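What follows is the residue order along each chain.
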Amino acid sequence: ELLPGKILDVQINHPVSVRLKIPLIGYVMGQYIILKYPPVVKETDYEDVLKEGNVAIVRYLLEGDQGKCFAFRATIRSVTKRPHKFIILNYPERIENRQLRMHQRVMTHLPAAISITEEDDTINQLQGMIIDISLKGCGFTFKAPNDTVEVNKRDVMVLIKYANDDLLKIPAKVCNSRNDKGKVSVGIQFFDGDKQVAALLENLFIDTSNI
């Protein structure tokens with residue numbers, strides 16, 4: 001699930017501590033990983049740390065139903081200059097991961113909306129879909145007109161319509177958002193919606209014992 005273009009957090013501690021955000025170019029499973037060289041002002045920038053033999057600590061997040069942070073150590077195999085400047089890492093022997101969420105989410109495709117008011121007023125709503133959900137929060141996604149749209153961190157109302165047209169209103173807050181080529185993913189935390197969400201999941205035949 002780690003695709004080219006994903007931004008990785010790369011930390012190198014020798015001879016000085018440097019932490020960079022670098023896009024993944026690609027990899028050959030079990031052999032090597034290719035990263036783009038970070039933007040520099042001078043050709044000599046980072047030469048003392050981004051060089052063969054130094055060890056990099058790489059971290060990245062997988063969101064959605066994963067909600068995990070992955071990390072590994074890898075030695076820099078080489079730095080190429082042609083056709084572009086790339087960092088080549090040895091493939092890691094071990095990749096560690098840590099669950100970020102206290103409550104595991106389950107996948108769903110539930111039409112919904114988020115609004116700054118409780119009213120069923122489509123003008124003030126972002127229409128989209130809940131892609132994963134737990135008793136404590138959900139992942140919401142919608143299509144944006146461009147790749148710069150994001151959702152500010154603020155209190156919102158999650159609006160979900162039942163089959164009988166009843167409107168479920170769950171008070172929540174936006175924790176984060178990310179725009180990936182016009183597809184906006186929003187991380188939402190519910191306030192006190194446990195009973196409402198449990199009833200919703202029960203109606204969707206989702207077992208809540210593990211979430």
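Computed from a predicted model, the values in this text were never measured in an experiment.

One closed barrel holds the six strands; their spatial order is β8-β9-β10-β13-β12-β11, and the pairing between them is antiparallel. Pairwise comparison of adjacent strand axes, ignoring direction, gives a mean angle of 45° for this sheet. Two elements, strand β12 (residues 167-180) and strand β13 (residues 183-190), share eight bridges in a ladder whose sense is antiparallel. Residue pairing across strands places Val174 opposite Ile188, the latter belonging to β13.

Note: strand β1 (residues 7-12) against strand β2 (residues 18-28), six bridges, orientation antiparallel. Counted as the bridge partner of Asp9 is Lys21 from β2. Linking two consecutive strands that pair antiparallel, namely β1 and β2, is a turn of five residues. With four bridges connecting them, β2 and strand β3 (residues 32-36) associate as antiparallel partners. In the strand pairing of β3, Val28 is matched with Tyr32. Where β2 folds back on β3, the antiparallel hairpin that results is connected by three residues, among which Gly30 adopts a positive phi of roughly 85°.

Once that is clear, we can look at the pattern of salt bridges. This model, assessed by the stated rule, comprises four salt bridges. For Asp9, the salt bridge identified is with Lys21, shortest N-O distance 2.8 Å. Here Asp9, found in strand β1, pairs with Lys21, found in strand β2; they are twelve residues apart in sequence, far enough to count as distant. With relative accessibility at 10%, the residue Asp9 sits in the buried group. The class for Lys21 is exposed, based on a relative accessible area of 60%. Notably, a salt bridge pairs Arg59 with Asp9, separated by 3.9 Å at the nearest N-O pair. Here the residue Arg59 occupies a position in strand β4 (residues 55-62), and Asp9 occupies one in strand β1, the gap between them amounting to 50 residues. In this structure Arg59 comes out as partly exposed when scored by relative accessible area, which is 26%.

This next bit is on the nonpolar core. Counting residues in each nonpolar core, the largest one holds 25 residues, and the members touching the most others are Ile130, Val158, Ile160, Ile188 and Phe190. Mapped onto this core, the elements with two or more residues apiece are β8 (106-115), β9 (125-133), β10 (137-143), β11 (155-161), β12, β13 and α1 (194-203). Once you skip the residues sitting within four places of it in the chain, Ile130 turns out to touch Thr108, His109, Leu110, Ala112, Cys138, Gly139, Phe140, Val158 and Ile160. Listed in part, the 23 residues of the second largest apolar core include Val18, Leu35, Leu50 and Ile76.

Applying the stated rule across the entire model yields two aromatic pairs. For the ring pair Tyr60 and Phe70, a centre distance of 5.4 Å and an interplane angle of 10° mean the geometry is stacked. Residue Tyr60 is found in strand β4, and its partner Phe70 is found in strand β5 (residues 68-80); the two are separated by ten residues along the sequence. Neither residue differs from the other here; Tyr60 and Phe70 are each classed as buried. Arranged with centres 6.2 Å apart and planes meeting at 40°, the rings of Phe140 and Phe142 form a pair that is tilted. For Phe140, a relative accessible area of 1% puts it in the buried group. Here Phe142 falls in the buried class, since its relative accessible area comes to 7%.

What follows covers the environment of Arg59. For the pair Arg59 and Arg73, spaced 14 residues apart in sequence, the C-alpha to C-alpha distance is 9.1 Å. The contacts of Arg59, once residues within four sequence positions are left out, are Leu8, Asp9, Gln11, Arg19, Phe70 and Ala71. Within polar-contact distance, the side chain of Arg59 engages the side chain of Gln11 at 2.9 Å.

Basis of the calculations
- Residues numbered from 1 in each chain as written.
- Predicted model: local features only at pLDDT ≥ 70, side-chain atom pairs only at ≥ 80, totals over all residues.
- Heavy atoms only, no water.
- Pairing = 2+ DSSP bridges.
- Helix = DSSP H or I, 4+ residues; strand = E, 2+ residues; numbered from the N terminus.
- Axes fitted to C-alpha atoms, helices over the stretch in contact; angles between N-to-C directions.
- Salt bridge = Lys/Arg side-chain N within 4 Å of Asp/Glu carboxyl O.
- Buried < 20%, exposed > 50% of the residue type's maximum accessible area, 1.4 Å probe, protein only.
- Core = buried A, V, L, I, M, F, W, Y, C linked by side-chain atoms within 4.5 Å.
- Contact = heavy atoms within 4.5 Å.
- Phe/Tyr/Trp six-rings, centres within 6.5 Å; stacked < 30°, edge-to-face > 60°.
- Polar contact = N/O pair within 3.5 Å; in protein donor to acceptor, adjacent residues only side chain to side chain.

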